[in-house]
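Listed here are the chains, written in short residue letters.
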Amino acid sequence: MTTPYQQQYQAPVPPQGPPQGGLPQMPPQTAPQGAPHHPAPSGPPSQPYAGVGPYTSPIPVRRTHLGNALASEWTKIKSVRSTIWTLSVMVALVAGIGLLVAASTNDSDYETVPTTLPGFFGTLLGQLCIVTLGVLVITSEYGTGMIRTTLTASPQRSRVLTAKALVFFTLSFTTTTLALALVAFASTGMHGGAGVQEPTSDQFLGATVGAGLYVSLLGLLSLAVGSMLRHSAGAITTMLGVVLLPAILPAFLMMSDSLRDLGEKMQEYSSPQSLAALFRLDESLNSGWPQLWALAVVTAGAMIAAYVLMEKRDV
């Protein structure tokens, strides 16, 4: 028999086993009675937090310009192995064949032609190296997908193409002109005396700067074709046709009287004939500068088309 006092202070009996679910469930906590209630703010704070200011990046931020794109393209073109190998082969062909021809000829061979002529033979093959390099400068990025990174870093596509064209043209013109100047000075030093036709300033300029400009413009035309086609094999094949077909087709066109004029004009502006005119291979040829200007106009048109297509098309 228990008293009312004992029933009031009887200890609670713990549960015999864990509830279903594994862990005991705790009763929800409620605020004690009489505690003040603060409603949550419904709008923005009336004043900003103290001590918080605008974020300043530790990296200096500046507007990019063409100089940054030029530095980027120069870094890429000089770090690719194909550039070094292609330019090395071009210099070996131009200088090697030119010096070999100069060493294998006699003074009597230069009675009617200037002593700068040996550079012509190496340039015929060396131009193919510049054509190939001009295509690879841009199509290699499309092949590897690097063009996406390039255009992400520099969204202005015209600036990217301009930087590629300037860097490639400067590099190819400098390398080709130096190789031709080496052959011209060496050949002039090997052959001299009575009966030898010394090159005039115009002849020397055409055999070095003129020929270097012609080959570099061919390379720039190749870069424009590569930008439009975006495929290495297709662009190289197209440029080989541009260089070789005008030298081969006239032989068949001049068989017909109606197509003779077309064949003669095509032969006059073909790559071998243009280089022969710049090197003064024959007195019947012109100075070669009209062919150079014609190539410059064609290259400018191709570059304009490359700019338009690069802005319109997706990567």
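Student: What is the right way to read the packing of helix H4 (residues 119-144) against helix H5 (residues 146-153) from this model?
Tutor: The N-to-C vectors of H4 and H5 enclose an angle of 105°; their axes lie 5 Å apart at closest approach. With respect to H5, the axis of H4 lies roughly perpendicular. Facing H4, whose interface residues are Glu141, Tyr142 and Thr144, H5 presents Met146, Ile147 and Thr150. Looking at the contact of H4 with H5 residue by residue, the class counts come to three nonpolar, two polar and one charged.

Student: Would you mind going over a nonpolar patch on the surface with me for this structure?
Tutor: Together, Leu240, Leu244, Leu245, Ile248, Leu249, Phe252 and Met255 give the surface a local cluster of nonpolar side chains, amounting to about 680 Å² of exposed area. Along the polypeptide, leucine 244 turns up in helix H8 (residues 232-253).

Student: Mind showing me how you'd approach the environment of threonine 150 here?
Tutor: By the secondary structure assignment, threonine 150 is in helix H5. Expressed as a C-alpha distance, the spacing of threonine 150 and alanine 69, which sit 81 residues apart in the sequence, is 9.5 Å. Leaving out residues up to four positions away in the same chain, threonine 150 has contacts with Glu73, Lys76, Glu141 and Val160. In terms of polar contacts, threonine 150 uses its side chain to reach the side chain of glutamate 141, at 2.8 Å.

Student: Please clarify how helix H7 (residues 201-229) should be interpreted in this entry.
Tutor: An α-helical segment advances 3.6 residues per turn. Residues three or four places apart therefore align on the same side. Here H7 spans 41 Å end to end across 29 residues, near enough to the 42 Å set by a 1.5 Å rise per residue. Along its length, H7 reaches its greatest deviation from straightness, about 35°, at alanine 207. In terms of burial, H7 is largely enclosed, as 21 of its 29 residues are buried. Positive backbone phi, at 60°, marks arginine 230, one or two positions downstream of H7.

Student: Would you take a moment to explain the environment of alanine 235 for this structure?
Tutor: Relative to the elements of secondary structure, alanine 235 occurs in helix H8. Residues alanine 235 and serine 222, spaced 13 residues apart in sequence, show a C-alpha to C-alpha distance of 7.3 Å. Residues within four places of alanine 235 in sequence aside, it is in contact with Val135, Val225, Gly226 and Leu229.

Student: Any chance you could explain the packing of aromatic side chains here in plain terms?
Tutor: Two aromatic rings are characterised by how far apart their centres lie and by the angle between their planes. Across all of its chains, the model carries four aromatic pairs by this definition. An aromatic cluster is built from Phe120, Phe121 and Phe279, whose rings are joined through pairwise contacts.

Student: Is there a simple way to explain unusual backbone geometry in this structure?
Tutor: What you tend to see is this: most non-glycine residues have negative phi, and most peptide bonds are trans. One non-glycine residue with positive phi stands out, namely arginine 230, at about 60°. Along the chain, arginine 230 falls in the loop between H7 and H8. The exposure class of arginine 230 is partly exposed, given its relative accessible area of 29%. Notably, arginine 280 is not glycine yet its phi reads approximately 55°, a positive angle. Residue placement: arginine 280 occurs in the loop between helix H10 (271-278) and helix H11 (289-312). A relative accessible area of 18% means that arginine 280 is categorised as buried.

Cut-offs used in this document
- Residues numbered from 1 in each chain as written.
- Predicted model: local features only at pLDDT ≥ 70, side-chain atom pairs only at ≥ 80, totals over all residues.
- Heavy atoms only, no water.
- Axes fitted to C-alpha atoms, helices over the stretch in contact; angles between N-to-C directions.
- Helix = DSSP H or I, 4+ residues; strand = E, 2+ residues; numbered from the N terminus.
- Parallel < 35°, antiparallel > 145°, perpendicular 65-115°, else oblique.
- Contact = heavy atoms within 4.5 Å.
- Nonpolar A, V, L, I, M, F, W, Y, C, P; charged D, E, K, R; others polar.
- Patch = residues over 30% accessible without salt bridge, like charges linked within 9 Å, V, L, I, M, F, W, Y side chains within 5 Å.
- Areas by Shrake-Rupley, 256 points an atom, 1.4 Å probe, with all protein chains shown as cover.
- Salt bridge = Lys/Arg side-chain N within 4 Å of Asp/Glu carboxyl O.
- Polar contact = N/O pair within 3.5 Å; in protein donor to acceptor, adjacent residues only side chain to side chain.
- Expected span 1.5 Å × (residues − 1).
- Bend = angle between axes of the 7 residues up to and from the residue.
- Buried < 20%, exposed > 50% of the residue type's maximum accessible area, 1.4 Å probe, protein only.
- Phe/Tyr/Trp six-rings, centres within 6.5 Å; stacked < 30°, edge-to-face > 60°.

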